[in-house]
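Next come the chains, spelled out residue by residue.
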Amino acid sequence: MILSRYIARRFLWAYLQVLGTFWAIMMLIDMVEQLRRFSGQGIGTTGALHLAAMNTPANLYRILPLITILAAITLFLSLARSSELVVIRAAGRSALRFLLAPVLMALMIGGLTIAVFNPLVAATQKEYDRLWAAAADGAGSTLSLADSGLWLRQGTEDGQTVIHALRANSDGTELFGVTFMLFGPDGLAAERVEAQSAQLLPGAWALTGAKRWDMTSENPEREAMILPEDATLASNLTRERIRDSFGQPSAVPFWGLPAYIAGLERAGFSARAHRVWYQMELAQPLLLAAMVLIAAGFTMRHARLGKTGIYVLLAILGGFFIFFLRNFAQVLGNNGQIPILLSAWAAPVAAILLALGLLLHLEDG
């Protein structure tokens, strides 16, 4: 147990070192990119630093498997150079038993990642999206889901429009049982429009079965009017902006994903991408453990045997291959070309089996 705790502690320290290094580099790169992107809006160093601080956790979260394999390579190389690996093997500790400590530590890191780090990343990503939209055009569109249906907001310099619909089609371009509340620049309600359905056209909503109330009159109901079938309502929304209003699945905290998926499906939207992401998050600890095993298969050897650089390169390439395979499977899962469970769990399980096969071959021939 003392030796296992020592190895686990060494791996955790290596992981934190690699994580901190990548965080500093990505923070600097992102800050420079924000300064370049919003130079015309007069954003200063403080504003760029704020945007970078909100965006870096999400970027870092995406490459955690690569950080894990680099940390494992660092651990095994340091143990080999100090001859600790030789002493451990000479004491009768087998390779698989030796790897139990770093693999369990990787599983623990993966569990803490989805339980603690994931909600933090979701919060910072949502704040970054809000800040980016405000800095980009000063007027954004927001979509939220509730038990009563879905809510949209479209805004211009002339005022805001709050849209409520009981349900919608899969991409949000056609709403049913919809209500539009138009607010003037002073923030007071100006008009209310209810329609059986509304279809998004370039620059406007095409209304069907619509009725309009003037909220500035003394008796809005008495002066209400039925709109013609070809009535439209101006809008600056597009299919892409509505889609982007959902945000990425990573912008939803892990613990809130089941309820969010249920809300999407209840409103009529497709939640397949969020289901794939949820399963991939559940498989995250297994993927991190697979990265440790891949690194061990190539670098858990004595430094005097030579060709260390080649084996390190092979380990990194193996990690990149599994990382690419996982992302490719995610795309296929989002598009519905493969089952959700297969897209999330195939890459980690395949990586573990291949790494174990390599380790057994090296140990037992």
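Remember, predicted model here, so these are calculated numbers, not experimental data.

1. As for the confidence of the model for the chain
Here is step 1: For the chain, per-residue confidence averages 84 on the pLDDT scale, and residues scoring 70 or more make up 88% of the total.
Here is step 2: When the elements of the chain are averaged for pLDDT, strand β1 (residues 142–146) gives the smallest value, 59, and helix α10 (residues 284–299) the largest, 92.

2. Here we look at the pattern of salt bridges
Here is step 1: In this structure the tally under the stated criterion is 6 salt bridges.
Here is step 2: Among the salt bridges present, the one from R36 reaches E33, with a minimum N-O distance of 2.5 Å. Residue R36 and its partner E33 are located together in helix α1 (residues 2–37), separated by 3 residues, close to a single helical turn.
Here is step 3: Salt bridges sharing partners connect three or more residues here, namely E33, R36 and R37.

3. Description of the environment of K126
Here is step 1: Within the secondary structure, K126 sits in helix α6 (residues 100–136).
Here is step 2: In sequence terms K126 and N55 are 71 residues apart; their C-alpha atoms lie 9.3 Å from each other.

4. Describing the environment of Q125
Here is step 1: Summarising the element assignment, Q125 is placed in helix α6.
Here is step 2: The exposure class assigned to Q125 is buried, which follows from its relative accessible area of 7%.
Here is step 3: Once you skip the residues sitting within four places of it in the chain, Q125 turns out to touch M54, N55, A58 and A251.

5. Some remarks on the side chain of N118
Here is step 1: Looking at the element boundaries, N118 is found in helix α6.
Here is step 2: Judged by relative accessible area, N118 falls into the buried class, the value being 2%.
Here is step 3: Excluding its chain neighbours within four sequence positions, the residues that come into contact with N118 are Y61, T113, V252, P253, F254, W277 and E281.

6. Describing unusual backbone geometry
Here is step 1: The phi dihedral of S83 falls on the positive side, at around 65 degrees, and the residue is not glycine.
Here is step 2: Here S83 shows up in the loop between α3 (64–81) and α4 (84–90).
Here is step 3: On the basis of relative accessible area, S83 is assigned to the partly exposed category, the value being 29%.

7. Thoughts on a nonpolar patch on the surface
Here is step 1: A contiguous nonpolar patch, built from I310, L313, L314 and L317 and spanning about 370 Å² of accessible area, is present on the exposed surface.
Here is step 2: Inspection of the secondary structure assignment puts I310 in helix α11 (residues 308–334).

8. Concerning the environment of E33
Here is step 1: A relative accessible area of 26% places E33 in the partly exposed class.
Here is step 2: When the C-alpha atoms of E33 and A52 are compared, they prove to be 8.6 Å apart, with 19 residues separating the residues in sequence.

9. So, the packing of α1 against α3
Here is step 1: At their nearest, the axes of α1 and α3 sit 8 Å apart, and the two run at 130 degrees to each other. The angle between α1 and α3 falls in the class oblique. In this structure, the crossing between α1 and α3 has a hand that is right-handed. Facing α1, whose interface residues are I7, R10, F11, A14, Y15, V18, L19 and F22, α3 presents L64, I67, T68, L70, A71, A72, T74, L75, S78 and L79.
Here is step 2: In terms of residue class, the contact of α1 with α3 is made up of 14 nonpolar, 3 polar and 1 charged.

10. What about the side chain of N55?
Here is step 1: Here N55 is to be found in helix α2 (residues 45–62).
Here is step 2: Its relative accessible area of 8% is what places N55 among the buried residues.
Here is step 3: If we ignore the near neighbours within four places in the chain, the residues touching N55 are D30, Q34, Q125 and Y128.

11. Notes on the nonpolar core
Across soluble globular proteins, you tend to see nonpolar side chains buried next to one another.
Here is step 1: One finds F11, F76, F98, L99 and M300 to be the most contacted residues of the largest nonpolar core, which totals 57 residues.
Here is step 2: No other element matches α3, which puts 12 residues into this core.
Here is step 3: Setting aside residues no more than four positions away along its own chain, M300 makes contact with F76, L85, R89, A95, F98, L99, A295 and L359.

Rules used throughout
- Residues numbered from 1 in each chain as written.
- Predicted model: local features only at pLDDT ≥ 70, side-chain atom pairs only at ≥ 80, totals over all residues.
- Heavy atoms only, no water.
- pLDDT = per-residue confidence, 0-100.
- Helix = DSSP H or I, 4+ residues; strand = E, 2+ residues; numbered from the N terminus.
- Salt bridge = Lys/Arg side-chain N within 4 Å of Asp/Glu carboxyl O.
- Buried < 20%, exposed > 50% of the residue type's maximum accessible area, 1.4 Å probe, protein only.
- Contact = heavy atoms within 4.5 Å.
- Patch = residues over 30% accessible without salt bridge, like charges linked within 9 Å, V, L, I, M, F, W, Y side chains within 5 Å.
- Areas by Shrake-Rupley, 256 points an atom, 1.4 Å probe, with all protein chains shown as cover.
- Axes fitted to C-alpha atoms, helices over the stretch in contact; angles between N-to-C directions.
- Parallel < 35°, antiparallel > 145°, perpendicular 65-115°, else oblique.
- Left-handed = near helix turned anticlockwise from the far one by under 90°.
- Nonpolar A, V, L, I, M, F, W, Y, C, P; charged D, E, K, R; others polar.
- Core = buried A, V, L, I, M, F, W, Y, C linked by side-chain atoms within 4.5 Å.

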